[in-house]
Structures are given as C-alpha cells and as structure tokens.
Amino acid sequence: MTLEDTYRAAMARLPGGVAVVTARAGSRDIAAVVTSLVSVSLEPPTVLVVVHADGRLGDLLVPGGRWAATVVGEHQAAQVAWIAEPGRPDVGQLQGIPHRRGEHSGAALLDGAAWLELRTTQTMEVADHRVVVGEVLAAGLGSETGALVHRLGRVRAVGSSQRGDNRLPGSAQP
C-alpha cells in the first residue's frame, strides 16, 4: 500500500459530521457537502471549513464573502447524496430540496438540524484545498436533533432515532 492509500484508509476511519455549505453566485445557489466544518471559537463565534480550491464553491468563499452552513439532519441522506453527486448541474442545485434564504448571507439554509450564516474572514490555500475561516453572523436550530456522519466511505445517521442514550456521564441535556 502506498502512503496515499494508507493515509486515505486511516482518515476514512475518523467520523466527520456532514454539513452543506452554500453561497450565491449571482442568482444561482452553489452548494457542496463538507465533513470539515469545525467550531474554532465561541468568542467571537467562528468556524473553519475546508473545500476543494478548484471547486465552484471555493471561488465564492473569499474574504468578506457571505455564505451559509447547514448541519444536516439524520433524514437528509438523499439530499446529501444529490448535492455530493459529481457533475450535477450548476443551475438548480437545490431544486426539490426545502430551503430558505438567510437574512444575513442571502445563501440557502436547508431545513436541517442547525444552521449558520457566515462571513469569510480568512482563507489559506493548502495543497488542493482552501481553508476558510468564517465569522458567525447568525445561528439557529432546526427541529431535528439527529445528524449525519461520514465514516468508511458511507454516510450514517446518528442521534435522535438511535437506540439508547449516548451522552457521556455528567453531560448536559440536549
């Protein structure tokens, strides 16, 4: 096995939360599925996301640009599969997917477990990806408490419909 093959297999074992990042390109919604949305700071509220540098979304997440991120709910696997489909059309990416416009970003917010509206504060090119730091302008919670994670090449549901209570002892109620 090459280093690249071993690295890919090793990282596939690390579960990553699934989110959809959206931005506006004129009158079009551009969306991508990410597994790299990470909280950086609570004061001020800041997140980090990593996207392909040569992707349609990467061109829009520039300093000062506004965008949105939706933590998708456990019942949105089909929507995630469509958005992640290689070669999907540039126009109508969110057709048939319930969403609304964010008040602060203008970007599409899906009906998921949670959502954020953001403004890019910094970007950095790393290999073939772009690391994007975003200041949180607004946040909200959806009605769903479950979510999706990506592990071993598959998207899996975790959360509210799972059996048992998976909270750590002493953790706060959701």
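Remember, it's a predicted structure, so these values are computed and weren't measured experimentally.

Things to note about the pattern of salt bridges
Summed over the entire model, instances satisfying the criterion amount to four salt bridges. The partner of D29 in a salt bridge is R101, with the nearest N and O atoms 2.8 Å apart. Taken together, the positions of D29 in strand β3 (residues 28-34) and R101 in strand β7 (residues 99-101) put the pair 72 residues apart, joining distant regions of the chain. Under the relative-accessibility criterion, D29 is labelled buried at 11%.

Topic: the pairing of strand β11 (residues 147-151)
When strand β1 (residues 16-17) meets β11, the two strands line up antiparallel, connected through two bridges. Among the inter-strand pairings, G16 is bridged to a residue of β11, identified as H150. Here five bridges tie β11 to strand β12 (residues 154-158), and the two strands are oriented antiparallel to one another. Paired with H150 across the bridge in β12 is V155. Hairpin connection between β11 and β12: a loop of two residues separates the two successive antiparallel strands, and L152 in this loop has a positive phi of roughly 55 degrees.

A short note on the confidence of the model for the protein
Mean pLDDT for the protein: 88, with 91% of residues reaching 70 or above. Throughout residues 162-174 the model reports pLDDT below 50, and contacts reaching past four residues in sequence, or to other chains, amount to five contacts.

Some remarks on the sheet that holds β12
Think of a sheet as strands paired side by side through backbone hydrogen bonds, with each pair either parallel or antiparallel. The antiparallel open sheet is built from three strands, whose spatial order is β1-β11-β12. Here the strands that pair on one side only, and so sit at the sheet edges, are β1 and β12.

As for the packing of aromatic side chains
Summed over all chains, the structure comprises zero aromatic pairs. One cation-aromatic arrangement involves R100 over W115; the distance from NZ or CZ to the ring centre is 4.9 Å.

Comments concerning the side chain of S36
If you trace the backbone, S36 turns up in the loop between β3 and β4 (38-42). Reaching out from S36, the side chain makes a polar contact with the backbone nitrogen of V50 at a distance of 2.9 Å. Beyond its immediate stretch of four places on either side in the chain, S36 contacts L48, V49 and V50.

What to know about the nonpolar core
Counting residues in each nonpolar core, the largest one holds 17 residues, and the members touching the most others are V21, V49, L57, L61, W67 and L118. Mapped by element, the contributors of at least two residues to this core are β2 (19-25), β3, β5 (45-52), β6 (66-71), β9 (114-126) and β10 (129-141). Broken down by element, the residue count for this core peaks at four residues, all from β2. V21 has contacts with I30, A31, A32, V34, V49, L57, L61, W67, A68 and A69, leaving out every residue within four places of it along the chain. Core analysis: the second largest hydrophobic core is formed by 11 residues, V72, V80, L94 and I97 among them.

Some words on the pairing of β10
Sheet analysis places β5 next to β10, joined by seven bridges and oriented antiparallel. Bridged to V49 within β10 is V132. Of the pairings in the sheet, the one linking β9 to β10 comprises 12 bridges and is antiparallel in character. Opposite A114, over in β10, you have L141 as the bridge partner. Connecting β9 to the antiparallel partner β10 that follows it, the hairpin turn spans two residues, and A127 within it adopts a positive phi of roughly 55 degrees.

About the cut-offs
Residues numbered from 1 in each chain as written. Predicted model: local features only at pLDDT ≥ 70, side-chain atom pairs only at ≥ 80, totals over all residues. Heavy atoms only, no water. Salt bridge = Lys/Arg side-chain N within 4 Å of Asp/Glu carboxyl O. Helix = DSSP H or I, 4+ residues; strand = E, 2+ residues; numbered from the N terminus. Buried < 20%, exposed > 50% of the residue type's maximum accessible area, 1.4 Å probe, protein only. Pairing = 2+ DSSP bridges. pLDDT = per-residue confidence, 0-100. Contact = heavy atoms within 4.5 Å. Phe/Tyr/Trp six-rings, centres within 6.5 Å; stacked < 30°, edge-to-face > 60°. Lys NZ or Arg CZ within 6 Å of the ring centre and 35° of its normal. Polar contact = N/O pair within 3.5 Å; in protein donor to acceptor, adjacent residues only side chain to side chain. Core = buried A, V, L, I, M, F, W, Y, C linked by side-chain atoms within 4.5 Å.

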